[in-house]
Amino acid sequence: MRVDPHLQLELEDLYARYAEALDDGPLEDWPELFTEECLYLIIPRDNHELGLPVAIMRCESRDMLRDRVTAVRETMMFEPRYLRHHVTNLRVLGHEGDVLTAAANFSVIEVLPDELPRILIVGRYLDTSQRAE
């Protein structure tokens, strides 16, 4: 499928802003990248490959994502760390009107004080996005 280069760049910018909000914050910017009515799922690879829709995290609106940010900020205890999200191989899989489907690989590197960086997680984004005017 041939993709408009402007559309590709727009999507790359969205993924870059997504990673920046998670890595550098403020974390409260992250939910603002979603539409008010959205569906955010984290599905383990095994479940996805078996066609099982069981997610380890499910947020069905921007407000639920804001609640997630509050939970991270106020209830989770952890030692200081730095994260870096790397998003690669972004591909537009389809688009109709203002709705895009895309896939990308990601990895998250974690750095703790006085330790070598380590891979925290790797995976794949499978997204449906809607352009906001």
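The preceding data block contains the structure.
Criteria and cut-off values
Counting starts from 1 at the beginning of each chain's written sequence and moves along it residue by residue. Given that the model is predicted, a residue must reach a pLDDT of at least 70 before its local features are reported, and side-chain atom pairs must reach 80 or more before they are shown or counted; all residues, however, enter totals for whole chains, interfaces and linings. The side-chain numbers reported here are obtained from all heavy atoms of the structure, hydrogens and water having been left aside. Working definition: a ring pair exists when centres of Phe, Tyr or Trp rings (six-membered ring for Trp) sit within 6.5 Å. Plane angles under 30 degrees give stacked, over 60 give edge-to-face, the rest tilted. Helix and strand labels come from DSSP, where a helix needs a run of H or I of at least four residues and a strand needs a run of E of at least two; each type is numbered from the N terminus. Each residue is assigned to one of three classes by its accessible area relative to the maximum for its type, calculated with a 1.4 Å probe on protein chains only: buried under 20%, partly exposed between the two thresholds, exposed over 50%. Only buried Ala, Val, Leu, Ile, Met, Phe, Trp, Tyr and Cys residues count toward a nonpolar core, and they belong to the same one when joined by side-chain atoms within 4.5 Å. Here, residues are in contact when the closest pair of their heavy atoms is within 4.5 Å. To estimate the expected span of a helix, subtract one from its residue number and multiply by 1.5 Å.

Undergrad: Run through the packing of aromatic side chains, naming residues and quoting values.
TA: Overall, the coordinates contain eight aromatic pairs when judged by the stated rule. When the centroid spacing of 6.2 Å and the interplanar angle of 70° are considered together, the rings of Tyr 18 and Trp 30 count as edge-to-face. In this pair, Tyr 18 is assigned in helix H1 (residues 5-23) and Trp 30 in the loop between H1 and strand S1 (40-42), connecting sequence segments 12 residues apart. Accessibility assignment for this pair places Tyr 18 and Trp 30 in one class, buried.

Undergrad: Describe in detail the nonpolar core, supporting the description with residues and values.
TA: With 22 residues, the main nonpolar core has Leu 11, Tyr 15, Trp 30, Phe 34, Tyr 40 and Leu 65 as its most contacted residues. Beyond its immediate chain neighbours, meaning those up to four positions away, Leu 65 contacts Trp 30, Pro 31, Phe 34, Cys 38, Tyr 40 and Cys 59.

Undergrad: Residue-level account of H1, with values.
TA: The terminal C-alpha atoms of H1, which comprises 19 residues, lie 27 Å apart, in line with the 27 Å expected from a rise of 1.5 Å per residue. When we look at burial in H1, the residues that qualify are Leu 7, Gln 8, Leu 11, Tyr 15, Tyr 18, Ala 19, Ala 21 and Asp 23. Packed against the buried residues of H1 are S1, strand S3 (82-96), strand S4 (99-111) and strand S5 (118-130). Gly 25 sits one or two positions beyond H1 and adopts a positive phi of about 75°.

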